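# Chains, contacts and geometry: an overview
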Amino acid sequence: FKLIKANRILCRDDYPVEINDVYELTSNEGAHEIGCFMWQRSIFYTKAYFGSHAFHLRWFTITPHQIVSVPDRQEPDNHGIIYPLFHEIHVDEQRLIINLVHPIPTRRDFTLMAPSKAIFDAVVQGFEEYMNTTQPKRVRGMTEMDDWDG
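Keep in mind that what you see is a predicted model, and the values were worked out from it rather than measured. (Residues numbered from 1 in each chain as written. Predicted model: local features only at pLDDT ≥ 70, side-chain atom pairs only at ≥ 80, totals over all residues. Heavy atoms only, no water.)

Note on soluble globular proteins: their nonpolar side chains tend to be buried together. Met-38, Leu-100, Val-123 and Phe-127 are the most contacted members of the largest nonpolar core, which has 25 residues in total. Of all elements in the fold, only strand 4 (33-41), strand 5 (55-62), strand 9 (97-100), strand 10 (110-113) and helix 2 (117-139) reach the threshold of two or more residues within this core. Among the elements that make up this core, the one with the highest residue count is helix 2 (eight residues). The contact partners of Met-38, leaving out residues within four places of it in the chain, are His-56, Leu-57, Arg-58, Phe-60, Leu-112, Met-113, Ala-114, Pro-115, Ile-119, Val-123 and Phe-127. Counting residues in hydrophobic clusters, the runner-up holds five residues, among them Val-22, Phe-37, Leu-57 and Trp-59. (Core = buried A, V, L, I, M, F, W, Y, C linked by side-chain atoms within 4.5 Å. Buried < 20%, exposed > 50% of the residue type's maximum accessible area, 1.4 Å probe, protein only. Helix = DSSP H or I, 4+ residues; strand = E, 2+ residues; numbered from the N terminus. Contact = heavy atoms within 4.5 Å.)

Take a look at the structure:
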């Protein structure tokens, strides 16, 4: 179990949104960690043109060394994503959209949408810190966190 809020571990029957508000931004200054909800574009529904299912709510944890997210559904840890060592983002400040450019050109990018300007600003800053911290790994040719042996 990874999600903790107010000394409570996320149980398998809990949805992340039952513990955190969609507009909440959690921060651990000591660990340089932020947590928040964002919507992530679904590649399946985007291609199938089902607009109402194009984005899915996910809880993100962003540190200088790793970015992970889990969906807002039961047993969220079974569907977690560890994001690759990206080195480029595109932002749309008006629509609060962030595009993480995948380091492998043949793989799809990740498109995220923040629920508020405050979350958008914090996440962009967190992503910039992540890109700066992981830059030595990318220089060595790594694209995924699994490539790193320590």
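On we go from here.
Looking now at the pattern of salt bridges. Under the defined criterion, the tally for this structure stands at three salt bridges. Close ionic contact of Lys-117 with Glu-93 constitutes a salt bridge, the shortest N to O distance being 3.5 Å. Here Lys-117, found in helix 2, pairs with Glu-93, found in the loop between strand 8 (89-92) and strand 9; they are 24 residues apart in sequence, far enough to count as distant. In this structure Lys-117 comes out as partly exposed when scored by relative accessible area, which is 37%. Taking the shortest distance from any N to any O, the salt bridge between Asp-121 and Lys-117 comes out at 3.0 Å. (Salt bridge = Lys/Arg side-chain N within 4 Å of Asp/Glu carboxyl O.)

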